[in-house]
Amino acid sequence: CLESCNLLEFSNAFPGFARASQPFCSGAVLLTRKGMETMLEHCTPIFHGLDHMIARLTFRGELASYFSLPLPLYQDVFFGSDVARVERGTGNRSHASSLQS
């Protein structure tokens, strides 16, 4: 998920969850009504792929993102990912540079 594991926030009150800092994975996303409204407000018009938009909003503190623990699934890399990929002629699309935009 390209999350910075050392930045996860754990709570004794909710041991089955950890607050994320910049998750780059939309393999299994659950949104509350408030989270969906936040996504609609800040992601219209669409400015990037879902992985990048969730990470950017979380990094900026505009969206609260959490991991469930233990993880309910693991993403298979069979289909690959465009997260952190640099393509010739399209500029740098790395996740670090997109967070600062």
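Notes on the structure in this doc start here. Each residue is numbered by its place in its chain's sequence as written, counting from 1. The predicted origin of the model limits local features to residues at a pLDDT of at least 70 and limits the giving and counting of side-chain atom pairs to 80 or more, whereas totals for whole chains, interfaces and linings rest on all residues. Working from all heavy atoms in the structure, the side-chain values ignore hydrogens and water.

## Brief notes about the overall build of the chain
Here is the rule we go by: A run of H or I in DSSP counts as a helix once it spans at least four residues, and a run of E counts as a strand once it spans at least two, with each numbered from the N terminus. We call a residue buried when its accessible area falls under 20% of the maximum for its residue type, exposed when it is over 50%, and partly exposed in between, using a 1.4 Å probe and counting protein chains only. Contacts are residue-level and defined by heavy atoms, with any inter-residue pair within 4.5 Å sufficient. All accessibility values rest on the Shrake-Rupley procedure with a 1.4 Å probe; residue burial counts only the protein chains present in the view.
Along the backbone of the chain there are three helices and five strands. When the helices and strands of the chain are placed in sequence order, the string is β-β-α-α-β-β-β-α. Looking at the 101 residues of the chain, the share that counts as buried comes to 28%. The contacts of the chain with a sequence gap of at least 6 include a subset with a gap of at least 24, amounting to 62%. By element, 58% of the accessible surface of the chain is carried by carbon and sulfur atoms, the whole surface being about 7,300 Å².

## Things to note about the sheet that holds strand β1 (residues 9-10)
Defined as follows: At least two DSSP bridges between two strands are required for those strands to pair.
One open sheet accounts for three strands, arranged β1-β2-β3; its pairing is antiparallel. A strand with exactly one partner marks an edge of an open sheet, and here the two such strands are β1 and β3 (66-68). As judged from the two bridges shared by β1 and strand β2 (residues 17-19), these two strands associate in the antiparallel manner. Bridge pairing links Glu9 to Arg19 in β2.

## Details of a nonpolar patch on the surface
Applicable threshold: A patch consists of residues whose relative accessible area exceeds 30% and which take part in no salt bridge; residues with like charges are grouped when within 9 Å of each other, and nonpolar side chains (Val, Leu, Ile, Met, Phe, Trp, Tyr) when within 5 Å. By definition, a salt bridge exists where a carboxyl oxygen of Asp or Glu is found within 4 Å of a side-chain nitrogen of Lys or Arg.
The grouping of Val29, Leu31, Met36 and Leu40 at the surface amounts to a nonpolar patch, some 340 Å² of accessible area in total. On the secondary structure map, Val29 appears in the loop between β2 and α1 (33-42). Residue Val29 is classed as partly exposed on the basis of its relative accessible area, which comes to 37%.

## Remarks on unusual backbone geometry
Both trends apply: most residues other than glycine have a negative phi, and most peptide bonds are in trans. Cis geometry marks the peptide bond from Thr44 to Pro45, where omega comes out at 0 degrees. One can find Pro45 in the loop between α1 and α2 (50-59). Cis geometry marks the peptide bond from Leu69 to Pro70; its omega dihedral reads 0 degrees. Inspection of the secondary structure assignment puts Pro70 in the loop between β3 and β4 (86-87).

## Quick look at the nonpolar core
Formally: Among buried residues, those of type Ala, Val, Leu, Ile, Met, Phe, Trp, Tyr and Cys that are joined through side-chain atoms within 4.5 Å constitute a nonpolar core.
Met39, Cys43, Met53, Ile54, Leu57 and Leu63 form the largest nonpolar core, which has six residues in total. The leading source of residues in this core is α2, at three residues. Apart from residues no more than four positions distant in its own chain, Leu57 is found in contact with Met39, His42, Cys43, Glu62 and Leu63.

Function cannot be inferred from these measures alone, as they are strictly geometric.
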